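One-letter residues, chain by chain:
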Amino acid sequence: QGSALTIDDVNIAMSAWVKSGQYEKAIEVFATIESRNLQANQTTYETAIDALDRTGFYGEAEVLLVQARERRLFPRFSSWAAESQVDLRSCSAPVARTAIRHMVGEIKVGSFPICDITIIVNKNMKNTLRNFIVSIQGPEVSFLEGGGNGRAIGLELTRQSILSWRANEPN
């Protein structure tokens, strides 16, 4: 008998498939993890979300994001504790986009509190994520400068911009 397959082996394979553009293979393997008696970890979810994001399966990516949050696999934003602050610094760009898409959808249907929301991101992702919010026709977003150490930066959705956006959204 050979050595047992580990979640690290699965993560390595999934990551290689995503990097080589074989997103469907990564998604297929993710779907078999439980039947292999393996426990998906943050890397597994992040890679699967990346593959789903790249193939346009945004709803499925959001489902995995919710599962990962429920399992507390993304520690900085597992709870969105204050809900007025969402910390995406530890997330890859596809996971951050999925989190923002999910949050904007929750705001749209009234499942997310209407308040000033600060989205904390790495400085190198601030423009990308701001442009992403604009591209999905979310609420008006502005930059928050600062972060103390110069690395973290924020994006802000103000309560007023959210209310204005919701008032102008078609039903």
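Residues numbered from 1 in each chain as written. Predicted model: local features only at pLDDT ≥ 70, side-chain atom pairs only at ≥ 80, totals over all residues. Heavy atoms only, no water.

K.L.:
So what's going on with the overall build of the protein? Residues and values would help.
P.N.:
In terms of helices and strands, the protein carries 7 helices and 4 strands. Each helix and strand of the protein, ordered N terminal to C terminal, gives the series α-α-α-α-β-α-β-α-β-β-α. Contacts spanning at least 24 positions in sequence make up 63% of the contacts within the protein whose residues lie at least 6 apart. About 9,200 Å² of surface is accessible on the protein, with carbon and sulfur atoms providing 47% of the total. (Helix = DSSP H or I, 4+ residues; strand = E, 2+ residues; numbered from the N terminus. Contact = heavy atoms within 4.5 Å. Areas by Shrake-Rupley, 256 points an atom, 1.4 Å probe, with all protein chains shown as cover.)

K.L.:
Give a detailed account of the pattern of salt bridges, specifying residues and quantitative values.
P.N.:
Following the criterion strictly, the structure yields 5 salt bridges and no others. Note that Arg 54 and Asp 50 form a salt bridge whose closest N and O atoms lie 2.5 Å from each other. On the criterion of helical spacing, the pair formed by Arg 54 and Asp 50 is a turn pair, its members being 4 residues apart in helix α3 (residues 42–54). Taking the relative accessible area as the measure of exposure, Asp 50 reaches 13% and is therefore buried. Where Asp 87 meets Arg 89, a salt bridge forms, and the shortest distance between an N and an O atom there is 2.6 Å. Three or more residues joined by partner-sharing salt bridges are found here, namely Asp 53, Arg 97 and Arg 101. (Salt bridge = Lys/Arg side-chain N within 4 Å of Asp/Glu carboxyl O. Buried < 20%, exposed > 50% of the residue type's maximum accessible area, 1.4 Å probe, protein only.)

K.L.:
Describe the packing of aromatic side chains, naming the residues involved and giving the relevant values.
P.N.:
The final tally for this structure, using the stated rule, is 1 aromatic pair. Ring geometry for Phe 30 versus Tyr 45: centroids 5.2 Å apart, planes at 70°, classification edge-to-face. Highlighted residues: Phe 30 in helix α2 (residues 23–31) and Tyr 45 in helix α3, separated in sequence by 15 residues. Residue Tyr 45 is classed as buried on the basis of its relative accessible area of 1%. Positioned above the aromatic ring of Tyr 58, the side-chain terminus of Arg 101 is 3.9 Å from the ring centre. Positioned over the ring face of Phe 143 is Lys 126, at 5.4 Å from the centre of the ring. (Phe/Tyr/Trp six-rings, centres within 6.5 Å; stacked < 30°, edge-to-face > 60°. Lys NZ or Arg CZ within 6 Å of the ring centre and 35° of its normal.)

K.L.:
Before we move on, can you summarise the side chain of Thr 47 with the specific residues and values?
P.N.:
Its location among the elements puts Thr 47 in helix α3. Once residues within four sequence positions are removed from consideration, Thr 47 is found in contact with Met 14, Ser 15 and Val 18.

K.L.:
Account for the nonpolar core, with residues named and values stated.
P.N.:
Nonpolar side chains tend to gather and get buried jointly when the protein is soluble and globular. Counting 47 residues, the largest nonpolar core has Leu 88, Ile 117 and Ile 119 as the members making the most contacts within it. Here this core gets 7 residues from one element, more than from any other, and that element is helix α5 (residues 93–109). (Core = buried A, V, L, I, M, F, W, Y, C linked by side-chain atoms within 4.5 Å.)

K.L.:
Provide a residue-level description of α3, including the pertinent values.
P.N.:
Helix length check: α3 (13 residues) gives 18 Å between terminal C-alpha atoms against 18 Å at 1.5 Å per residue, within 8%. Every buried residue of α3 is listed here: Thr 44, Tyr 45, Thr 47, Ala 48, Ile 49, Asp 50, Ala 51, Leu 52 and Asp 53. Structurally, α3 contributes buried residues whose contacts are with α1 (7–19), α2, α4 (58–70) and α5. In this structure Asn 41 caps α3, since a side-chain oxygen of it lies 3.1 Å from the backbone nitrogen of Thr 43. (Expected span 1.5 Å × (residues − 1). Polar contact = N/O pair within 3.5 Å; in protein donor to acceptor, adjacent residues only side chain to side chain.)

K.L.:
Report on α4, specifying residues and quantitative values.
P.N.:
Given a rise of 1.5 Å per residue, 13 residues ought to cover 18 Å, and the 18 Å separating the end C-alpha atoms of α4 matches this to within 8%. Buried residues of α4: Ala 61, Glu 62, Leu 64, Leu 65, Ala 68 and Arg 69, and no others. The arc that holds the buried residues of α4, viewed along the axis, is 160°, so those residues lie on one side. In the core, the buried residues of α4 are packed alongside α2, α3 and α5. Immediately downstream of α4, the backbone of Arg 72 shows phi near 60°, a positive value. (Arc of directions from axis to C-beta.)

K.L.:
Summarise the packing of α2 against α3; cite the residues concerned and give the values.
P.N.:
For the pair α2 and α3, the least separation of the axes is 9 Å and the interaxial angle reads 135°. Taken together, the axes of α2 and α3 lie oblique to each other. As for the relative orientation of α2 and α3, their crossing is left-handed in sense. Facing Tyr 23, Ala 26, Ile 27 and Phe 30 of α2, the residues of α3 in contact are Thr 44, Tyr 45, Ala 48, Ala 51, Leu 52 and Arg 54. (Axes fitted to C-alpha atoms, helices over the stretch in contact; angles between N-to-C directions. Parallel < 35°, antiparallel > 145°, perpendicular 65-115°, else oblique. Left-handed = near helix turned anticlockwise from the far one by under 90°.)

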